[in-house]
Structures are given as structure tokens and as C-alpha cells.
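One letter stands for each residue in the lines below.
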Amino acid sequence: MTVMKADAYGHGISGILPACDPHVDWYAVATMEEGREIRQWGSKKPVLLFGPVPAGQMAEAAGYGLTFTVGSLAYAELLAAKLRE
């Protein structure tokens, strides 16, 4: 798993992704926006979201095929409800 949070630690996702993509199985990011950027640059690899996603962005994150980190039952219930809408 390659961690790309904080815009690939300041190096820029767009510059690092082409070098990493052939060699990694997963990516990890802090935000839905970073996950979206990985998708926009063409990677189909799984992406784990480290942090919670705001309720208003859950459907969009799921649409990009991002994997949520669930840290509580309340968050799991909110996520399930939002993805059923």
C-alpha cells in the first residue's frame, strides 16, 4: 500500500502515481478529494480512505470505488443509510 495523503507528502499525486501504479496493490489517502484525483489520473487500484468522509460526500466517494475506514457503529450506520439513498 502506497500512502498518497497530503498530495503524496507534497510531491504531487500526478507526478508520483505513474511511477507507483505498476508496482503497488493499494493506495491510501486522507480525503475523498485525494482518492478522486487518483481515479482522475487513471488508476484502477483499490484506494483506502484513512479519514471519515462527510455525509454529503459518501455517495461520490463510493462512486469512485473508494474503500471507507469505519471506526464506529454510528459511522457504519450513517454510511449504510447514505449509500441506500
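Structure: above.
The sections below set out a description of the structure shown in this document. (Residues numbered from 1 in each chain as written. Predicted model: local features only at pLDDT ≥ 70, side-chain atom pairs only at ≥ 80, totals over all residues. Heavy atoms only, no water.)

**A closer look at the pattern of salt bridges**
Moving on, step 1. Counted under the stated rule, the structure contains two salt bridges.
Moving on, step 2. When the shortest N-O distance is used, the salt bridge between R36 and E60 registers 3.1 Å. Taken together, the positions of R36 in helix α3 (residues 32-40) and E60 in helix α4 (residues 58-63) put the pair 24 residues apart, joining distant regions of the chain.
Moving on, step 3. Here E60 falls in the partly exposed class, since its relative accessible area comes to 33%.
Moving on, step 4. Between K82 and E85 there is a salt bridge whose closest N-O contact spans 3.6 Å.
Moving on, step 5. Look at K82 and you get partly exposed, because its relative accessible area is 25%. (Salt bridge = Lys/Arg side-chain N within 4 Å of Asp/Glu carboxyl O. Helix = DSSP H or I, 4+ residues; strand = E, 2+ residues; numbered from the N terminus. Buried < 20%, exposed > 50% of the residue type's maximum accessible area, 1.4 Å probe, protein only.)

**Regarding helix α2 (residues 13-20)**
Note that an α-helix has 3.6 residues per turn; residues three or four places apart therefore point the same way.
Moving on, step 1. Restricting attention to buried positions, one finds in α2 the residues I13, L17 and C20. Axial view of α2: buried residues confined to an arc of 75°, hence all on one face. Across α2 from its buried face, at more than 90 degrees, point the exposed residues P18 and A19.
Moving on, step 2. Next to the buried residues of α2 lie β1 (2-3), α1 (5-9), β2 (27-29) and α3. (Arc of directions from axis to C-beta. Contact = heavy atoms within 4.5 Å.)

**Comments concerning the nonpolar core**
Moving on, step 1. Ranked by size, the top nonpolar core spans 19 residues in total, and within it M4, Y27, I38, L49, V53, A61 and F68 carry the most contacts.
Moving on, step 2. At the level of elements, α2, β2, α3, β3 (47-49), α4 and α5 (73-84) are the ones that each hand at least two residues to this core.
Moving on, step 3. Counting residues per element, this core draws most heavily on α2, at three residues. (Core = buried A, V, L, I, M, F, W, Y, C linked by side-chain atoms within 4.5 Å.)

**Observations concerning the packing of α2 against α3**
Moving on, step 1. Remark: α2 packs on α3, axes separated minimally by 10 Å, with the N-to-C direction vectors making an angle of 55°. In this view, α2 runs oblique relative to α3, as classed from their interaxial angle. As α2 runs across α3, the sense of the crossing is right-handed. Where α2 abuts α3, its residues I13, S14 and L17 lie against E34, E37 and I38.
Moving on, step 2. For the contact of α2 with α3, the class distribution of residues is three nonpolar, one polar and two charged. (Axes fitted to C-alpha atoms, helices over the stretch in contact; angles between N-to-C directions. Parallel < 35°, antiparallel > 145°, perpendicular 65-115°, else oblique. Left-handed = near helix turned anticlockwise from the far one by under 90°. Nonpolar A, V, L, I, M, F, W, Y, C, P; charged D, E, K, R; others polar.)

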